[in-house]
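Survey of secondary and tertiary structure
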Amino acid sequence: MREELSHKSNQLSSFEGVVGGSLVVLGGGESGVGTALLGKARGYEVFVSDKGKIKESYKNVLIHNEIEWEEGQHTESKILNADVVMKSPGIPGTVSLIDTIRKHNIPIVSEIEFASKFTAATIVGITGSNGKTTTATLTHHLLKDELNVGLAGNIGESFANQVLEKNFENYVLEISSFQLDDIVGFKPRIAVITNITPDHLDRYNYQFENYIRAKFKIAKNQTADDYLIYDADDEVIVNHLKTNPVQSTLLPFSLKKTIENGAYFKNNELIITIDNNKIIMPTKNLALEGKHNIKNAMAATTVAHLLKIRKQTIRESLENFQGVEHRLEQVLKINKVQYINDSKATNVNATYYALESMDAPTVWIVGGVDKGNDYRELFPFVNEKVKAIICLGVDNQKLMDTFGNMVDVIVETQYMSEAVKIAYKVAEAGDNVLLSPACASFDLFENYEDRGRQFKDAVRNL
């Protein structure tokens, strides 16, 4: 068990004091089932409760492991008997059941919090509005040849299940603001904040400051022996640090200025300095393209340098990393038109980077569940690069009103296959067709992965 922090709250102390108590898991998805398995293995009596339907594969795991569960309801009498509750990140903290649990003084924790109690591993925690999946995946890629390291959190197999079954000595965790909301004592050895732009404001009372504070929870328990790596070009991060200093040792990275302790970009090279130990990485053979990916590479390389990965390994890994699915993923070129899947762009800032990187006239497929989006920062790129817009959502009115006068062609549909067929008709040789929705996917799709796969299937079926 890792060293405990003296300033943890009474709520967390009561969680830590429970040995073989009652654990209620709210949400029967990846993180919930992983927590249930870890909890049972550590002597808890476990009950899983999901207001919706639990996938058959997860049900089978629960049944096989003789873990009690329910779906389609929350039985309060059972839930309020818990010694600790693990809340799925998908459940807002404002729902009445959560209020009731708190009134009964039952500790509520996240999967990240719960699982971290059962490992002594070195944890690298990566958050941000955009780039966290690419940065986490790239960081894991840089470390895996020399360290025993797992990749978990908001990506892949649950952290809790990996702690139970694989017991890695190191973990790279991609962590969303929803997962950070229920942090009490979690403390990564290395924290990374890639950037902070308005996102998920519907979950934070439409107050950007609430969202910023949620992101910074990743560093709230860090000490001077721990590290916070962050984008020094991001005014939101820099201004928050001025008024809300953290205890962590700061390692900024920048595209614009020289950094003495941290990383910066100059003459197509990454220069990373930590305690006067400098390494220089050429970027001409970097597999990832775009300014935002230079930043992702700086963050990941800083982590690797901190963890004493050899320079040669870092360079080779940067050059052979192929990126992640659904993030500016080049699908196919048909009749000299490049089709690009950026379904993971679920907010405006992610789409900003996608449009910025377009080097040809672009047919842009956009839309979904609007989270209070302000599209104005996209206007220069739309004027300069976008020749047609296809709105793909249940309610496209805001997009039609915003962009209707900016392009010659703007249409709407609720079917991915139709969106791709329209794009095929509109695009000409040398153009790009870009799926970069700037919105959540839940109106028409199961999730952004489902949206991206449907796009790729539709392109392959042209």
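Values in this document were obtained by computation on a predicted structure and should not be read as measured data. Counting starts from 1 at the beginning of each chain's written sequence and moves along it residue by residue. Given that the model is predicted, a residue must reach a pLDDT of at least 70 before its local features are reported, and side-chain atom pairs must reach 80 or more before they are shown or counted; all residues, however, enter totals for whole chains, interfaces and linings. With hydrogens and water set aside, each side-chain value is computed from the structure's full complement of heavy atoms.

**Let's talk about a positive patch on the surface**
Here a patch means residues that are over 30% exposed by relative accessible area and free of salt bridges, tied together within 9 Å if like-charged and within 5 Å if nonpolar (Val, Leu, Ile, Met, Phe, Trp, Tyr). Note on areas: Shrake-Rupley, 1.4 Å probe, and residue coverage restricted to the protein chains presented here. Salt-bridge detection follows one rule: a side-chain nitrogen of Lys or Arg within 4 Å of a carboxyl oxygen of Asp or Glu. A positive count includes Lys and Arg, and a negative count includes Asp and Glu. His and the chain ends are not counted in either. A charge is said to be at NZ when it belongs to Lys, at CZ for Arg, at CG for Asp and at CD for Glu. A cluster of like positive charges, contributed by Lys 242, Lys 256, Lys 257 and Lys 291, occupies part of the molecular surface. Helix and strand definitions follow DSSP, with helices as H or I runs of at least four residues and strands as E runs of at least two, each counted in order from the N terminus. Positionally, Lys 291 belongs in helix H12 (residues 291-306). Note on exposure labels: buried denotes an accessible area under 20% of the residue type's maximum, exposed denotes more than 50%, and partly exposed covers the range between, all computed with a 1.4 Å probe on protein chains only. A residue is classified by how much of its surface remains accessible, and Lys 291, at 55% relative accessible area, is exposed.

**Digging into the domain arrangement of the protein**
Looking at the assigned domains, one finds that the protein contains domain 1 (20-109), domain 2 (114-320) and domain 3 (329-461). Throughout, the edges of the domains are those of an automatic or database domain assignment. Taking only C-alpha atoms, the centre of domain 2 and the centre of domain 3 are 29 Å apart. Summed over both partners, the interface of domain 2 with domain 3 buries about 910 Å², with 48% contributed by carbon and sulfur atoms. Contact with domain 3 buries surface across domain 2, with Asn 130, Asp 199 and His 292 losing the most and accounting together for 43% of the total. The tally of links from domain 2 across to domain 3 stands at 0 salt bridges. We define a polar contact as two N or O atoms separated by no more than 3.5 Å, with the added condition that, inside protein, one atom must be a possible hydrogen donor and the other a possible acceptor, whereas residues neighbouring each other in sequence contribute only through side-chain atom pairs. Counting every contact that joins domain 2 to domain 3 gives 4 residue pairs in polar contact (both at pLDDT 80 or more). Three categories are distinguished: nonpolar for Ala, Val, Leu, Ile, Met, Phe, Trp, Tyr, Cys and Pro, charged for Asp, Glu, Lys and Arg, and polar for the others, with Gly belonging to the last. Among the residues forming the side of domain 2 that touches domain 3, the class breakdown is 2 nonpolar, 7 polar and 4 charged. Simply put, the buried area is the total loss of 1.4 Å probe accessible area from both parts when two parts are fitted together.

**Things to note about the packing of helix H17 (residues 416-426) against helix H18 (residues 448-460)**
Axes here refer to lines fitted to C-alpha atoms; in helices the fit is confined to the stretch in contact. Angles between the N-to-C directions go from 0 to 180 degrees. Their axes nearest at 9 Å, the elements H17 and H18 cross at an angle of 50°. With respect to H18, the element H17 is oriented oblique. In the crossing of H17 with H18, the sense of the turn from one axis to the other is right-handed. Residues Met 416, Ser 417 and Val 420 of H17 pack against Arg 451, Gln 454, Phe 455, Ala 458 and Val 459 of H18. Taken together, the residues of the contact of H17 with H18 sort by class into 5 nonpolar, 2 polar and 1 charged. The cut-offs work like this: below 35 degrees is roughly parallel, past 145 is roughly antiparallel, 65 to 115 is roughly perpendicular, and the gaps in between are oblique. The sense of a crossing depends on the near helix, which, turned anticlockwise from the far helix by less than a right angle, makes the crossing left-handed and, turned clockwise, makes it right-handed. Any pair of residues with heavy atoms lying within 4.5 Å of one another is described as a contacting pair.

**Considerations on the sheet that holds strand E2 (residues 45-50)**
Strand-to-strand pairing in sheets goes through backbone hydrogen bonds, with the strands running parallel or antiparallel. Paired strands, as defined in this entry, are two strands with at least two bridges between them according to DSSP. Overall, parallel pairing links the 5 strands, which are arranged E3-E2-E1-E4-E5 in an open sheet. The sheet is open, and its two borders are formed by strand E3 (68-71) and strand E5 (108-109), each paired with just one other strand. The sheet contact formed by strand E1 (residues 22-26) and strand E4 (residues 84-87) spans 4 bridges and is parallel. Its bridge partner lying in E4, Val 24 is registered against Val 85.

**Structural notes on the UniProt feature "domain: Mur ligase central" (unreviewed entry) in the protein**
UniProt positions are given in the numbering used here, feature names are shortened, and annotations may be inferred rather than shown by experiment. Taking the UniProt record as the reference, the feature "domain: Mur ligase central" (unreviewed entry) is found at residues 126-304. Across residues 126-304 one finds 31% helix and 25% strand; the C-alpha atoms that close the span lie 13 Å apart.

**What to know about the pattern of salt bridges**
Under the counting rule described, the total for this entry stands at 25 salt bridges. Lys 295 is the salt-bridge partner of Asp 233, the closest N and O atoms lying 3.4 Å from each other. One end of the pair, Asp 233, is in the loop between strand E10 (227-231) and helix H11 (235-243); the other, Lys 295, is in helix H12, and 62 residues separate them in sequence. Beyond isolated ion pairs, a larger network of salt bridges with shared partners links Lys 53, Glu 56, Lys 59 and Glu 71.

**Regarding the nonpolar core**
To form a nonpolar core, buried Ala, Val, Leu, Ile, Met, Phe, Trp, Tyr and Cys residues must be joined to one another through side-chain atoms within 4.5 Å. Leu 23, Val 46, Phe 159, Leu 173, Phe 216 and Leu 228 are the most contacted members of the largest nonpolar core, which totals 53 residues. The residues that make up this core include at least three from each of domain 1 (20-109) and domain 2 (114-320). Those residues in contact with Val 46 that sit more than four places away from it in its chain are Leu 23, Val 25, Ala 36, Gly 39, Lys 40, Ile 67 and Glu 68. If you look at the next biggest cluster of nonpolar residues, it comprises 37 residues, including Val 124, Ile 279, Leu 286 and Phe 321.

**Digging into the environment of Leu 306**
Within the secondary structure layout, Leu 306 lies in helix H12. Leu 306 sits 79 residues away from Tyr 227 along the chain, and the two C-alpha atoms are 9.2 Å apart. Contacts of Leu 306, omitting those with residues within four sequence positions, involve Ile 190, Tyr 227, Ile 229, Leu 251 and Ile 274.

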